[in-house]
Amino acid sequence: MNNSKESGMSTAVEGRVITHDGKIKILTMTYSYVSGEESWDGIESFYSVGIDITKEREEQEIQRRVLNEAYQTARVANAAKTNFLSAMSHDIRTPMNAVMGMTEIAQANLDAPDKIRDCLNKISSSSQHLLSLINEVLDMSKIESGKVNMTLEPINLQGLTDIVADMCRPLVNEKKQHFEISLENVKHENIIADGDRLRQVLMNLLSNAIKYTPEGGKISLKISEQYSPNPKKSQYEFVCTDNGIGISEGFLPQVFDPFARAEDHQISKMQGTGLGMAITENIVRMMNGTVSVESVKGKGSIFTVSVPFEVCVKDETYHDTLAGPSESGDGGRRKNHEKDTVFTDEIYGKKVLLAEDNEINREIAVELLKMYGIEVNAVTNGEEAVETFEKSAPEDYSAILMDIQMPVMNGYEATLAIRHLKRKDAKTIPIIALTANAFTSDAAKARSVGMNDHVAKPIEMDRLLEVLEKWMDQKSN
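Residues numbered from 1 in each chain as written. Predicted model: local features only at pLDDT ≥ 70, side-chain atom pairs only at ≥ 80, totals over all residues. Heavy atoms only, no water.

1. Digging into helix α5 (residues 276-286)
Formally: Here's how the labels work: a residue is buried when its accessible area is under 20% of the maximum for its type, exposed when over 50%, partly exposed in between, all with a 1.4 Å probe on protein chains only. Secondary structure is summarised from DSSP: a helix means a run of H or I of at least four residues, a strand means a run of E of at least two, and numbering begins at the N terminus for each.
For α5, a buried count of eight out of eleven residues is recorded, marking the element as mostly surrounded by other parts of the structure. Inspection of α5 places Gly276, Met277, Ala278, Ile279, Thr280, Glu281, Ile283 and Val284 among the buried residues, and these make up the whole buried set. Within two residues after α5, Asn288 carries a phi angle of roughly 65°, on the positive side.

Here it is, written out as structure tokens:
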């Protein structure tokens, strides 16, 4: 023994040992030296103590992996956010540039009606595109936060496809494409579903097909009813086929990823957020369905959505009420040929009370309603709406259009106050939310306080007229 060793010195090392059953254990070994002069028996000694730290090291390794995964997730999320903000900045600024630029051009050409009309058409199309971008971002936000609820109601598939076809037709006609929607082997046209969400899924599929299919191409949507072991349900298959530019094999696994867009010179100038297919997949999942894609680059794509729906046993109950557009073609509407504006017999000449605090929004609503032959009395907050209605003669107003976010008294409070007034028509007058609060939960809250319906801003006159006709007609009956 080397006497130069210092008595009482300890050394700790960590090592791995293999036990007799083949398991690996991690130990910390502490070695100590005691000289003969200091030992109780006068004998120079070495001592070693081993502590099993296998569990501690395994837990540390798990924590390390979790932290690394969290870091990688955060890094990917941050990159996705950066890419998304970059894409959104471009996609939002493009239509905004058109709106602002065309407005300036129109103001400089006030004496040229044709030029103004052209500018207004371009402003309208750019505004619609901007609104669709905003809706997609809000939809994705709601889906990720779990705030999307399915609103189930009786839906007629033929009526739904008629609406979808009408929405797609202007885009198809513009590109001279061949477009077809068909129901094949569908025994139950009437189902229980969230009609708005199902329409959104179909529109997402078809608008993508139209966008990525060249002029003169073919697009089809085939709906079929499949066998289901549940006697109250049927499996419905929606197959959207196009002969467009197709999707590369490398990008196919990313088709349903949020914000993902293929790097392809053919689509680099096409606007979009990369959210449409992600939203579609999430909605289909909430319906307990599946969505898949097959595609060959340069030959086209096939998207297949398969969803189980509860069927309406008494189909005849819904045929009349859920049918598509009327065969007469005008739905009872008549035109003012001088302004090319459509009036309806049900609402023409009627008087409505409008509560809107924003001056520009108020002016827009008043002018649009007047164009359709509706007399408007506008107030600036909920309290004025209650007072104005209370002072009015019975049946003076045919409906109330109510903004939600207003000073003094908001739209919810004003509606409750009107419904509690001691006059007969306070309970029956249609009160319609006309608001930028556009979520499904907002529509549900509006109905819970006594509103009859909900129309989101920006105002789409076809939707507003449809709602006014519906409730005014019910009130008169």
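2. Here's the deal with the pattern of salt bridges
Selection criterion: Each reported salt bridge corresponds to a side-chain nitrogen of Lys or Arg within 4 Å of a carboxyl oxygen of Asp or Glu.
This model, assessed by the stated rule, comprises 14 salt bridges. The closest approach of N and O atoms between Asp118 and Lys122, which form a salt bridge, is 3.1 Å. Taken as a pair, Asp118 and Lys122 lie in helix α2 (residues 113-144) at a separation of four residues, close to a single helical turn. Put simply, Arg463 and Asp453 hold a salt bridge, and the shortest N to O gap is 3.4 Å. Residue Arg463 is located in helix α12 (residues 461-476), and its partner Asp453 is located in strand β17 (residues 453-456); the two are separated by ten residues in the primary sequence. A relative accessible area of 33% means that Arg463 is categorised as partly exposed. Residue classification places Asp453 among the buried positions, given a relative accessible area of 5%. Each of the salt bridges in this network shares a partner with another, and the network as a whole consists of Glu61, Arg64 and Arg65.

3. Some words on the packing of aromatic side chains
Aromatic ring pairs are described here by two measures, namely the spacing of the ring centres and the angle between the planes. Here is the rule we go by: Under the pairing criterion, centres of Phe, Tyr and Trp rings, with the six-membered ring standing for Trp, must be within 6.5 Å; the plane angle then separates stacked pairs below 30 degrees from edge-to-face pairs above 60, leaving the rest tilted.
Counted by the stated rule, this structure contains two aromatic pairs. With centroids separated by 6.0 Å and ring planes inclined at 50°, the aromatic side chains of Tyr236 and Phe309 adopt a geometry described as tilted. Highlighted residues: Tyr236 in strand β8 (residues 233-242) and Phe309 in strand β10 (residues 300-311), separated in sequence by 73 residues. Judged by relative accessible area, which is 0%, Tyr236 ranks as buried. Between Phe256 and Phe303, the ring centres sit 6.3 Å apart and the planes meet at 90°, which makes this aromatic pair edge-to-face. Taken together, the positions of Phe256 in the loop between β8 and α5 and Phe303 in strand β10 put the pair 47 residues apart, joining distant regions of the chain.

4. Here we look at the nonpolar core
So the rule is basically this: Put simply, a nonpolar core is a bunch of buried Ala, Val, Leu, Ile, Met, Phe, Trp, Tyr and Cys residues held in one set by side-chain atoms that sit within 4.5 Å of each other. Contacts are assigned to residue pairs that have any heavy atoms within 4.5 Å of one another.
Core analysis: the biggest nonpolar cluster contains 42 residues, and Phe238, Phe303 and Phe309 have the highest contact counts within it. At the level of elements, α3 (157-174), β6 (190-193), α4 (195-211), β7 (218-226), β8, α5, β9 (290-296) and β10 are the ones that each hand at least two residues to this core. Here the element with the most residues in this core is α4; it accounts for eight residues. The contacts of Phe303, once residues within four sequence positions are left out, are Leu205, Phe238, Val239, Cys240, Ile247, Val255, Phe256, Met277, Ser292 and Val293.

5. Focus: the pairing of β9
Formally: What makes two strands pair is DSSP finding at least two bridges between them.
Going residue by residue along β9, you find Val291, Val293 and Ser295 tucked away on one face and Thr290, Ser292, Glu294 and Val296 left uncovered on the opposite face. Linking two consecutive strands that pair antiparallel, namely β9 and β10, is a turn of three residues; a positive phi of about 85° is found at Gly298 within it.

6. Let's talk about the packing of α4 against α5
Definition in use: Only the stretch in contact is used when a helix axis is fitted, and all axes are lines through C-alpha atoms; the angle between N-to-C directions ranges over 0 to 180 degrees. Less than a right angle of anticlockwise turn of the near helix away from the far helix marks a crossing as left-handed, whereas a clockwise turn marks it as right-handed. Note on residue classes: Ala, Val, Leu, Ile, Met, Phe, Trp, Tyr, Cys and Pro are nonpolar, Asp, Glu, Lys and Arg are charged, and everything else, Gly too, is polar.
Across the interface, α4 lies against α5 with an axial gap of 10 Å and an inter-helix angle of 145°. Here α4 runs over α5; the crossing is left-handed. Facing α4, whose interface residues are Arg197, Gln200, Val201, Asn204, Leu205 and Asn208, α5 presents Gly276, Met277, Ile279, Thr280, Ile283 and Val284. In the contact of α4 with α5, the residues fall into six nonpolar, five polar and one charged.

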